[in-house]
Amino acid sequence: MILGQQSPDAVRLKLKSNGLRLQIGPFSFRLISSIEAVADGLLTLYHDYPLVPEEEFIDYTVTISRGSGLHRWTRRQAIFEFDGNAIFVPLPESHAFPLLEWSMNWCVSMHAHHYLILHSAVIEREGCAVIMPAPPGSGKSTLCAGLVHRGWRLLSDELALISLTDSSITPFGRPISLKNQSIDIIRDFVPGAVFSRVVHDTSKGSIGLLKVPKEHLGRIRETAKPRWIVFPKYVAGSPPQLTPRSKANSMLELGRNSFNYMVLGRTGFEVLTQVIDASECYDFQYSQLDDATAAFDNLVLRRSM
Amino acid sequence: MNWDLIAHIWANPDQQPKFSARDWEVLLGQARRGRLLGRLASHMLDMRWLQSVPDGPRAHLEGGLRLSDRQQHEVRWEIDCIRRSLIGIDVPVVLLKGAAYLMADLPAARGRLFADIDLMVPVANVERVEGALFAAGWICDERDHYNQRYYRQWMHEIPPLRHVQRNTYIDLHHTITPPTSRFAVDGARLLRQIVPIDGEKKIFVLAPVDMVLHSAVHLFTEGEFSAGFRDLLDLKDLLEHYSKQSNFWQSLFERSDDLGLQIPLFHALFHIQRLFGYAPPVQWSDQVRQLAPPAPARLMMGWLLGLALRPDHPSCNTRWTALARRLLYVRSHALRMPLYLAIPHLLRKSWMRHFPEKKNE
Amino acid sequence: MLTRVKYQLRPAVRMHWASWNDEYVVFDETSGQTHQLDAVRAFVLDFLGESPSDLFNIAAELTKSLAISSSYASELIALIIQEFQTIGLVEADNS
C-alpha cells in the first residue's frame, strides 16, 4: 500500500500518534510530528512511497516536535529528536518540513555504514550512473532536477549509497531540494513540477522540495553501476565545457565529499577505488540546462560507440 | 515502555536474544545512547548469533562493528604518536581507561567506542609532558582563565589538549581523582605499581587492582552518567578477567583499604551483582560487607545509582531518572571539591551557559 | 650532502595502493590517511616499504629507475622525506 491510498486525515492521525511508517529507498522510517507543515509536505511529495507494515523493523524513528516547556506556546519551534536527544538547534516551526528532510539525511549519513555514502547527486540511464559531487552553490541540485526530467532516472540528489560488496549504487529517491532562483528555473524547465510550500529565510535561503517522478519510484529497487563522475560548476553565461579530470584527484575529492569514508577504513578505500576504476572523470562548467542535457546525452552516446 | 533490554543482554549473556522487530528497534536505540552498539554487535558475533539476526537490525549491528573496528586502528595510531612525541622525556606514561584496555588487550576493549585518550604522569612532570605534547601539535584550547585555574589548581588533570591536525584529544592526569576529593589518591602510590606494555618500558598501564579501583571510583564520582552502564560493564569485564589471577581478590580488598576506596568499590560490586549477577567468590562475602557505608547512605546511593546507571534513552527513563541524575551531579561535585568551592564553581558554570563569551573581533 | 641516516616506514603503517596512468593514491590503514602521490613520491614510499634505506641509496635508485639526474635526485629526496615525515608515514631509523 502507498501513502496516497490513505486518507489525508488518516495520515495526519498517524503522524500525531504512533508514527507514519514509510519505506524510502532501502530504509524504513517512522515519522512522528504534530506540526501541520510536516503533514502537508508529506502529503504533497510522498504520495507514491510505500507504507511499511506494522510488524516490520524500522531503521530510523524521526521525531519533529515542538519542544517542551514554555517554548511550545511562545516561540513556535521545530526540533529534531533522535533516540530521545535533540540533534540540531531548534528551528522556526515554518521550517519544519525542510527540517524533516535534513533529519532523514542525518539519520542515514550518520548510521548507514553498510554503504559508502558520498555527498553527491547521482542519476542513471541504461544501467549506468553519473555521480555528481559538489559543494553547496555549485548548482548540482538544479542540474540533477533538470536532468531527471530529460531522460535520466533519479537515484539521489544528496546521498549516493555505494554498496560495499559490489560498488553498485542503490537508489534513495527522495524529493530534490532546491534553493532560491533554482526553484523558478526548474518551474520553467519542468512544466507541471510539483513543489512543497517554499520556505523562506532558512540558513540556506529559500527552499522548496521537488516531487520525484512516479516512474522513478516504481524502479526504486533497481541499482546502477558507476560509470561517470562529473564535478559540475554553474558559471553564469558560460558555454558548456566538459573536461577530463585526474582519476587520482577525483578519488581524493570523493573521499573528502563522503560522510563515512573515514569510518570504513580499508573497505572504504577499496570500494572507492572500484568506483574510480569503473568511471570516467570530468569537470563540467555550464550555465544553461539545455546545454547540460545535450552534454550528458553525449556521454551516453559515446559510451555506446 | 520501560524495558531494560540492554541490561537483559548482559544479565543473560548465554541466552540468544529472541526479539520482535520493535524490541530490536528499542535495543538498538538503548545501545546507541549507551555507546554500546559496537559492543553489542561484538557480543552477537562472538556468540555466533549475528548471522541469524534479521536483516534489518543486523545491518545496524554491522555498522556499529565497522565504527568500533575503525576506532581501534586510530587509537593505536594516536598512542604511537604520543609515544613518539615523548621520546626525549624520561618519564613513565600511564594509559588509563579505554586506551589501557586496548593496549593491554583486555576484553573491555572489544567493540569499544573511544573518546579522548587518558594519560597519567607524575605530578612533577606534568608541565614538561605538556610542553612535549605541545611541540608535537597538541594544544590547550581552554582560553577561560577561570577554567584553567580550576583544572590546574583543584583537579587531577589539565584542560583537554587537542591535536591541531587530527582533532583528537588527550586528557593529561597526575592521579585518578581530584586532590580535593573525599577519595583523593596520591598518584605516586599508583605509579609504584604500574605495568609496562611495551618493550621499551615507556608506556604503562595501572596494576590490575588499581585499574579496577580507578574504574569504580571514576564511575561514582564523575558527573556524567551517560556511559554509566557501559562503565559498569567494563568493570565487570575487568573483574572477570583478573579474578583468574591467584590472590586477586585478596589484593583488591587490601588495596581498597590502602587507598581509602572501599565505598566506591562497594557500590560498584553491588550494582554489578544486581545487574549482571556477577559476584566475588563466596569466601569474600564478609569482606564485601565490611566495605559498606552506613545503611541510610547505602540505600539512598543504591536507589540513585540504580536509576541513573541505565542508558539515557526514553525507554529506560522514569519520572525519577532526571532527578536522580541531577542529584548525583551535584553530589559528585561535592565529592570532588569541598562545598565552599563547589557552589561558586557550579554557579559560574551555569551562568556561563547563558552568556557564552563573545568572540574577539 | 646527504647523510647515512636510514629512514623507514613507521612500523605502525599499513599501506594500500591504487594507481591510474602514473598517478598514485596511497591509503594507510592505521591512521586512515589517504594521499595522492606523483610517480616519484610513490616510488620513494614503495621503496621504503621494502626496507629501510638512507638517502644516498634512495637517490641512486631514483636516478637509475626514473632516469633523472643524480643531483636533482638528491635535492628531491631530501624534500620528499621531509614531507613524509611531516605527515607521519616515515621516520628516521634510530636503532
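Computed from a prediction, not measured in an experiment: that's the story for all the values here. (Residues numbered from 1 in each chain as written. Chains lettered and ligands numbered in written order. Predicted model: local features only at pLDDT ≥ 70, side-chain atom pairs only at ≥ 80, totals over all residues.)

### Describing the overall build of chain C
Our working rule: To qualify as a helix, a DSSP run of H or I must reach at least 4 residues; to qualify as a strand, a run of E must reach at least 2; elements of each kind are numbered from the N terminus. Atoms counted for the radius of gyration: C-alpha only. Globule rule: 2.2 Å times the number of residues to the power 0.38. Partly exposed residues are those falling between the two cut-offs: more than 12 but fewer than 20 other C-beta atoms within 10 Å of their own, whereas 20 or more means buried and 12 or fewer means exposed, with C-beta atoms placed from the backbone. Once C-beta atoms are placed from the backbone, any two residues with those atoms within 7 Å are in contact.
Scanning chain C from N- to C-terminus turns up three helices and six strands. Going from N to C terminus, chain C has its helices and strands arranged as β-β-β-β-α-β-α-α-β. Against the compact-globule benchmark of 12 Å for 95 residues, chain C has a radius of gyration of 13 Å, which places it among compact chains. Projected onto its principal axes, the C-alpha coordinates of chain C cover approximately 35 × 35 × 20 Å. Counting all 95 residues of chain C, 32% fall into the buried class. For chain C, the share of sequence-separated contacts (at least 6 apart) that also reach a separation of at least 24 residues comes to 49%.

### Notes on the overall build of chain B
Summing up its helical and strand segments, chain B has 16 helices and seven strands in all. With 361 residues in all, chain B has 40% of them scored as buried. For chain B, restricting intrachain contacts to residue pairs at least 6 apart in sequence, the fraction spanning at least 24 positions comes to 67%.

### Quick look at the interface of chain B and chain A
Basically, it comes down to this: Each residue gets one of three labels, nonpolar for Ala, Val, Leu, Ile, Met, Phe, Trp, Tyr, Cys and Pro, charged for Asp, Glu, Lys and Arg, and polar for the others, Gly among them.
Each partner contributes residues to the interface: chain B has 19 residues there, and chain A has 14 residues. Taken together, the elements giving at least two residues each to the side of chain B that touches chain A come down to α2 (21-33) and α4 (55-85) of chain B. Per-element accounting of the side of chain B that touches chain A gives the leading share, 10 residues, to α4 of chain B. For the side of chain B that touches chain A, the class distribution of residues is seven nonpolar, six polar and six charged.

### Here we look at the interface of chain C and chain A
Counting from both sides, the interface comprises 11 residues of chain C and, opposite them, 12 residues of chain A. The set of elements that each furnish at least two residues to the side of chain C that touches chain A consists of β2 (15-20), β3 (23-28) and β4 (34-37) of chain C. Looking at the side of chain C that touches chain A, the element that brings in the most residues is β3 of chain C, giving four residues.

### Side note on the sheet that holds strand β7 (residues 203-205) of chain B
Pairing between sheet strands relies on hydrogen bonds along the backbone, with the strands arranged either parallel or antiparallel. Residue and element names in this part refer to chain B. To keep it simple, the criterion reads: At least two DSSP bridges between two strands are needed for those strands to be called paired.
The mixed open sheet is built from seven strands, whose spatial order is β3-β4-β5-β2-β1-β7-β6. Strand pairing shows two members of the sheet lacking a second neighbour, β3 (138-140) and β6 (195-196), which therefore form its edges. Sheet topology note: the strand β2 (residues 117-120)/strand β5 (residues 169-173) ladder contains four bridges and is parallel. Looking at β5, one finds that Leu-119 is bridged to Leu-172.

### Details of the environment of Phe-57 of chain A
Along the chain, the position of Phe-57 of chain A falls in the loop between α2 (36-45) and β3 (60-65). As a C-alpha pair, Phe-57 of chain A and Ser-28 of chain A span 29 residues in sequence and 7.7 Å in three-dimensional space.

### Quick look at the nonpolar core
Taken as a class, soluble globular proteins show a tendency for nonpolar side chains to be buried jointly. The criterion, for reference: We define the nonpolar core as any set of buried residues of the types Ala, Val, Leu, Ile, Met, Phe, Trp, Tyr and Cys, connected via C-beta atoms lying within 7 Å of each other. Where each domain starts and ends comes from a domain assignment, either automatic or drawn from a database.
The biggest cluster of nonpolar side chains holds 196 residues, and the ones touching the most others in it are Val-38, Ile-117, Val-122 and Ile-123 of chain A together with Leu-119 and Ala-216 of chain B. Looking at which domains feed residues into this core, each of domain 1 (3-111) and domain 2 (115-176 + 213-304) of chain A gives three or more. Those residues in contact with Val-38 of chain A that lie beyond four places of it in its chain are Leu-15, Ser-33, Ile-64, Ala-96, Phe-97 and Leu-100 of chain A.

### Some details on the pairing of strand β1 (residues 93-96) of chain B
Residues and elements named next belong to chain B. Of the two faces of β1, the one lined by Val-93 and Leu-95 and the one lined by Val-94 and Leu-96 are each fully buried. Taken together, the three bridges between β1 and β7 define a ladder with parallel strand orientation. The partner of Val-94 across the bridge, within β7, is Phe-204. When β1 meets β2, the two strands line up antiparallel, connected through three bridges. Of the residues in β2, the one forming a bridge with Leu-95 is Leu-119.

### Focus: the pairing of strand β10 (residues 159-163) of chain A
Residues and elements named next belong to chain A. Summarising burial for β10: four of the five residues are buried, a large majority. Two elements, strand β7 (residues 115-125) and β10, share five bridges in a ladder whose sense is antiparallel. Note that in β10 the partner of Leu-116 across the bridge is Ile-162. Note: β10 against strand β11 (residues 169-170), two bridges, orientation antiparallel.

### Observations concerning the sheet that holds β4 of chain C
Applied cut-off: Working convention: axes come from line fits to C-alpha atoms, limited for helices to the stretch in contact. Angles between N-to-C directions cover 0 to 180 degrees.
Within the open sheet, the three strands sit side by side as β2-β3-β4 (chain C). Their pairing is antiparallel. The open sheet has two edge strands with one neighbour each: β2 and β4 of chain C. Going across the sheet, the axis of each strand differs from the next one's by a mean of 20 degrees, ignoring polarity. Sheet contacts for helix α8 (residues 247-256) of chain A: β2, β3 and β4 of chain C; angle to β3 of chain C, the most-contacted strand, approximately 35 degrees.

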